[in-house]
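# A look at the structure
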Amino acid sequence: MTTTQHLFLPSAACRVAVHVDGPTDGPVVLLAHAILSSSVLWRRQAEWLAAEGWRVLRPDTRGHGRSEAPSPPSLPWRMGDLARDVVEILDALDIRAAHYVGLSLGGMCGFALAERHPERLASLCLCDCRADAPAAFAQPWDERIALVEAQGCEALAGPTIERWLGRDFIAAHPAEAQALHAAAAGTSRAGMVGCARAIQQLDHRAAARAIRVPTTLVVGANDAALPDAMRELRAEIPGAHLEIVPDAGHLPNIDQPERFDAALRAHLERARRTV
């Protein structure tokens, strides 16, 4: 077990909570979580990465976990705003570049980082995400936003965790499911709505073709249309690797952790050799 350091870092928009593990002189890995989640999503990966000598940063996205939401909200947010939060974290900790690992919303933010701040990236591992928001992907967020505005994030927590993990996993792993449910229910309305609007405006498909850092795409085989979307991205990002995790849904690091961890280790080893 490692001892986690909990920091609150000021940014231009709000105070952001960052959870830090591992040696201060280790190469830096930044783990970015999904919407309606928090740094708890990466607890397992943070532990083994720190034990293997990495300095691990797990920020809570604005309005999620322990991080504040901007006040006034200044909606709509864009993915570039979330990318700027990441850059300000790196600046505050005097980190030139990090190996960036993002899942779902965190992965989408990775595309914005690659477009706007490529010099801050040592590598990219982008999981269960896409780089654009076609209508069939963007429109369902309107209903989710309306529900949260009326009832809060608690109303979405149960259905979201069930969609991500499935009833069988939840029944077999109640503690993990409860931790994720608590993170979803505890998300602020502003955090969920702001990030959902950023997702709806996602438009980094063309920029993805210009990515030049070592890149691995990881996706659960059972994650609806995302395996096909990430196959298309693999063909467009020069030198990108694609790992499709069998028997996994939207959170392969949770429901197939051994397979996910193997894919992440392989990515980081490739990236270090490239550097």
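Scope of this entry: the structure provided in the associated data block. Every chain begins its residue count from 1, and numbering advances along the sequence as written. Local features in a predicted model are, by the rule used here, given only for residues with pLDDT of at least 70; side-chain atom pairs are given and counted only at 80 or more, and totals for whole chains, interfaces and linings are based on all residues. As a rule here, side-chain values come from all non-hydrogen atoms in the structure, and water together with hydrogens is ignored.

### Considering empty space enclosed by the protein
Only protein atoms enter the calculation, which uses a 1 Å grid: trapped sets of points that fit a 1.4 Å probe without letting it out are cavities, open sets showing protein on both sides within 12 Å along at least five of seven lines are pockets, and any residue with an atom within 4 Å of a point is a lining residue. Grid points are joined across faces, edges and corners, and a volume is the space filled by probe spheres set on the points. With the rule as written, the count across this model stands at 1 cavity of 30 Å³ or more. There is about 140 Å³ of room inside the largest cavity. Considering the residues around the largest cavity, the lining is formed by 16 residues, among which Thr61, Leu82, Asp85, Val86 and Cys109 are closest to the centre. Counting residues per element, the ones that place at least two in the lining of the largest cavity are β3 (28-32), α2 (79-92) and α3 (105-116). A run of DSSP states H or I qualifies as a helix once it reaches four residues; a run of E qualifies as a strand once it reaches two. Both are numbered from the N-terminal end.

### With respect to the sheet that holds strand β4 (residues 55-59)
The 8 strands lie next to each other as β1-β2-β4-β3-β5-β6-β7-β8, forming an open sheet whose pairing is mixed. Only two strands of the sheet have a single neighbouring strand rather than two, namely β1 (5-10) and β8 (241-245). On average, adjacent strands in this sheet sit at an angle of 20 degrees to one another, irrespective of strand direction. Seen against the sheet, α3 touches β3, β5 (98-103) and β6 (121-127) and runs at an angle of roughly 135 degrees to β5. Of the strands in this sheet, β3, β5, β6, β7 (215-220) and β8 touch helix α13 (residues 257-274), which is tilted by about 155 degrees from β6. Note on pairing: two strands pair once DSSP finds at least 2 bridges between them. Inter-axis angles, ranging from 0 to 180 degrees, are taken between N-to-C directions of lines fitted to C-alpha atoms, where helices are fitted over the stretch in contact. Any two residues whose heavy atoms approach within 4.5 Å are treated as being in contact.

### With respect to the packing of aromatic side chains
For Phe, Tyr and Trp, where Trp contributes only its six-membered ring, two rings pair if their centres lie within 6.5 Å, and the inter-plane angle classes them as stacked under 30 degrees, edge-to-face over 60, or tilted in between. Evaluated as defined, the whole model comprises 1 aromatic pair. Ring plane angle 45 degrees and centroid distance 6.0 Å describe the contact between Trp42 and Phe260, whose orientation is recorded as tilted. Taken together, the residues span a long stretch of sequence, with Trp42 in the loop between β3 and α1 (43-51) and Phe260 in helix α13 at a distance of 218 residues. The pair formed by Trp42 and Phe260 is uniform in burial state, with each residue classed as buried. Both a distance and an angle decide whether a charge sits over a ring: NZ of Lys or CZ of Arg must be within 6 Å of the ring centre and within 35 degrees of the ring normal. Over the ring of Trp77 we find Arg62, and its NZ or CZ is 4.7 Å from the ring centre. Between Arg130 and the ring centre of Phe137, over which it is positioned, the NZ or CZ distance is 5.6 Å. Partly exposed residues are those whose accessible area sits between 20% and 50% of the maximum for their type, while under 20% is buried and over 50% is exposed, using a 1.4 Å probe and protein chains only.

### Some points on helix α11 (residues 226-236)
Of all the positions in α11, only Leu226, Pro227, Ala229, Met230 and Leu233 are classed as buried. Buried residues of α11, seen end-on, are gathered within an arc of 155 degrees and therefore sit on one face of the element. At its buried positions, α11 is contacted by α3, β6, α10 (205-208), β7 and β8. It is the directions from the helix axis to the C-beta atoms whose arc is reported.

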